[in-house]
Amino acid sequence: MTLKKLLTLPIIVLLSVIIASVYGILHDQLTYCISPEYYTKFKFPMFGLVSDPKETLQNPRLAVALTGIIATWWVGLIIGIAFGIIALVLKDDRQMFQSALKALLLTIVIAIGAGLTGLGYGWMTRTIQDVESYNKYASGTIEDITSFYIVACIHNFSYLGGGIGFAIGIITIYRHKKTRNIQA
């Protein structure tokens, strides 16, 4: 193992954390448009950004961005460490970086696709599912339960997509390993 490869590992991890955080910010900004209540009555209290779900923030969009970072940076950390370590077996630092970055971008694409699937699922099942059950997250204070439910579906599907993308990313790196000269 070369020094360049060892130095590439923290770069992969840092890049993964940054990409995951940006994904979280954009994802949450978009879903905030669908259901502000999902944040004001569920996520903000969950992350300690408000002490009372009825509390109004001066700049809720900034709080949404912070929520996106808090919810995703650690996922990027785990993915970056795993992809970086697995990619250490590749021939050189360039192949290592390219393979890990490809796996990371594939993971993001799958998470986005899963989130869109969650949007469709939430929209289609909004009258079938007991959306009232989601009101428990906000002590029965949700006014637009349907939108809250749809955003919950988007978030849950996105996490599922991230997990599936992670597994496919690992497979992608291993396939790259098989097609390239690997370090013995």
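My aim in this report is to walk through the structure given alongside it, one point at a time.

The rules behind these values
- Residues numbered from 1 in each chain as written.
- Predicted model: local features only at pLDDT ≥ 70, side-chain atom pairs only at ≥ 80, totals over all residues.
- Heavy atoms only, no water.
- Helix = DSSP H or I, 4+ residues; strand = E, 2+ residues; numbered from the N terminus.
- Buried < 20%, exposed > 50% of the residue type's maximum accessible area, 1.4 Å probe, protein only.
- Contact = heavy atoms within 4.5 Å.
- Areas by Shrake-Rupley, 256 points an atom, 1.4 Å probe, with all protein chains shown as cover.
- Expected span 1.5 Å × (residues − 1).
- Polar contact = N/O pair within 3.5 Å; in protein donor to acceptor, adjacent residues only side chain to side chain.
- Axes fitted to C-alpha atoms, helices over the stretch in contact; angles between N-to-C directions.
- Parallel < 35°, antiparallel > 145°, perpendicular 65-115°, else oblique.
- Left-handed = near helix turned anticlockwise from the far one by under 90°.
- Nonpolar A, V, L, I, M, F, W, Y, C, P; charged D, E, K, R; others polar.
- Phe/Tyr/Trp six-rings, centres within 6.5 Å; stacked < 30°, edge-to-face > 60°.
- Lys NZ or Arg CZ within 6 Å of the ring centre and 35° of its normal.

## Topic: the overall build of the protein
Piece 1. Helix and strand counts for the protein stand at five helices and zero strands.
Piece 2. Starting at the N terminus and walking to the C terminus, you meet the elements of the protein as α-α-α-α-α.
Piece 3. Burial statistics for the protein: of 184 residues in total, 43% are counted as buried.
Piece 4. The long-range share in the protein, meaning contacts at least 24 apart out of those at least 6 apart in sequence, stands at 78%.
Piece 5. Approximately 10000 Å² of the protein is accessible, and the part contributed by carbon and sulfur atoms is 68%.

## Brief notes about helix α4 (residues 93-125)
Given 3.6 residues to a turn, an α-helix orients residues that are three or four positions apart in the same direction.
Piece 1. Look at α4: 47 Å from first C-alpha to last across 33 residues, which is about the 48 Å you get at 1.5 Å a residue.
Piece 2. Of the residues that open α4, the one with a side-chain oxygen 3.1 Å from the backbone nitrogen of Arg94 is Asp92.

## Regarding helix α2 (residues 36-46)
Piece 1. Among the residues of α2, Glu37, Tyr38, Tyr39, Lys41, Phe42, Lys43 and Phe44 are the ones counted as buried.
Piece 2. A positive phi of about 75° marks Gly48, the residue just after α2.

## Notes on the packing of α2 against helix α3 (residues 60-87)
For any two helices packed against each other, the geometry comes down to the angle between their axes and how far apart the axes lie.
Piece 1. It is the contact of α2 with α3, at a shortest axis distance of 11 Å, that shows an interaxial angle of 45°. As judged from the angle between their axes, α2 and α3 are oblique. Considering only the axes of α2 and α3, their crossing is left-handed. Here α2 contributes Tyr39, Lys43 and Phe44 to the contact with α3, which in turn contributes Pro60, Ala63, Val64 and Thr67.
Piece 2. Here the residues of the contact of α2 with α3 are counted per class, giving five nonpolar, one polar and one charged.

## Looking at the packing of aromatic side chains
Piece 1. The tally for this structure, following the rule as stated, stands at eight aromatic pairs.
Piece 2. Aromatic pair Tyr38 and Phe42: ring centres 5.3 Å apart, planes at 65°, arrangement edge-to-face. Of this pair, Tyr38 and Phe42 both sit in helix α2, four residues apart, which is roughly one turn of that helix.
Piece 3. Take Phe42: its relative accessible area is 14%, and that puts it in the buried class.
Piece 4. Positioned above the aromatic ring of Trp123, the side-chain terminus of Arg126 is 3.7 Å from the ring centre.

Read these as geometric descriptors, not functional statements.
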